[in-house]
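# Breakdown of the fold
The primary structure of each chain is shown beneath.
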Amino acid sequence: MAKRGLSHSDHLRLGQILAGLQVALLQAEVDLENAYPRSGERAFPAKQLGAAGDALREARRALESAVFDEHPTVAATEDYFPYSEHEARVEVPPKPGSSRVRFGWQS
């Protein structure tokens, strides 16, 4: 049995999430590039985030094609590349804790 793919509303939700992740990855990459050298061993994390961002962008493009194939009458470019006010936001708790104490854990 062939799988049908996502509903249009699921595509919209996923597009918002992936767009927000793209923004967060790019910001983290820029932060690392500003804090560490752009070459050598210490540049590796920023380069990896850049590669992750590239992979995420390609996935969004492939999903954009999928939504147009699956829902041609309602699909729009903004489904996977929404305006910034429609992107999901990645929020970091104001006090994330330390690496020795699980965040959110109460004793």
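A brief report on the enclosed structure follows.

Definitions and cut-offs
Residues numbered from 1 in each chain as written. Predicted model: local features only at pLDDT ≥ 70, side-chain atom pairs only at ≥ 80, totals over all residues. Heavy atoms only, no water. Helix = DSSP H or I, 4+ residues; strand = E, 2+ residues; numbered from the N terminus. Buried < 20%, exposed > 50% of the residue type's maximum accessible area, 1.4 Å probe, protein only. Contact = heavy atoms within 4.5 Å. Areas by Shrake-Rupley, 256 points an atom, 1.4 Å probe, with all protein chains shown as cover. Salt bridge = Lys/Arg side-chain N within 4 Å of Asp/Glu carboxyl O. Expected span 1.5 Å × (residues − 1).

### Concerning the overall build of the protein chain
Secondary structure summary: the protein chain contains 2 helices and 0 strands in total. Residues classed as buried in the protein chain amount to 21% of the 107 residues present. For the protein chain, long-range pairs separated by at least 24 residues make up 64% of all intrachain contacts whose partners lie at least 6 apart in sequence. Carbon and sulfur atoms provide 56% of the accessible area of the protein chain, an area that totals close to 8200 Å².

### With respect to the side chain of histidine 11
Assignment of secondary structure puts histidine 11 in helix H1 (residues 8–35). If near-sequence neighbours (up to four positions away) are discounted, histidine 11 is found in contact with Leu6, Leu63, Ala66, Val67, Glu70, His71, Asp79 and Tyr80.

### A word on the pattern of salt bridges
The tally for this structure, following the rule as stated, stands at 3 salt bridges. Here glutamate 87 makes a salt bridge to arginine 89, at a shortest N to O gap of 3.6 Å.

### Here we look at the environment of alanine 46
Its location among the elements puts alanine 46 in helix H2 (residues 44–70). For alanine 46, a relative accessible area of 8% corresponds to the buried category. Taking the C-alpha atoms as reference points, alanine 46 and asparagine 34, 12 residues apart in sequence, are found 9.7 Å from one another. Beyond its immediate stretch of four places on either side in the chain, alanine 46 contacts Glu29, Leu32 and Glu33.

### Brief notes about H1
Its 28 residues give H1 an end-to-end C-alpha distance of 41 Å, which sits within 8% of 40 Å, the value for a rise of 1.5 Å per residue. Buried within H1 are the following residues: His8, His11, Gly15, Leu18, Ala19, Gly20, Gln22 and Glu29. Buried positions along H1 lie against H2.

### A look at the environment of threonine 77
Relative to the helices and strands, threonine 77 is located in the segment after H2. With relative accessibility at 41%, the residue threonine 77 sits in the partly exposed group. Taking C-alpha positions, threonine 77 is 9.6 Å from arginine 61, a pair spaced 16 residues apart along the chain. If near-sequence neighbours (up to four positions away) are discounted, threonine 77 is found in contact with Glu64 and Phe68.

### Regarding H2
The periodicity of an α-helix, 3.6 residues per turn, causes residues three or four positions apart to be oriented the same way. When the terminal C-alpha atoms of H2 are compared, their 39 Å separation across 27 residues agrees well with the 39 Å that a helix rising 1.5 Å per residue should span. Buried residues of H2: Ala46, Gly50, Gly53, Leu56, Arg60, Glu64, Ala66 and Val67, and no others.

### Considering the environment of arginine 13
By the secondary structure assignment, arginine 13 is in helix H1. With relative accessibility at 54%, the residue arginine 13 sits in the exposed group. Each C-alpha atom of the pair arginine 13 and tyrosine 80 lies 8.9 Å from the other, and the pair is 67 residues apart in sequence.

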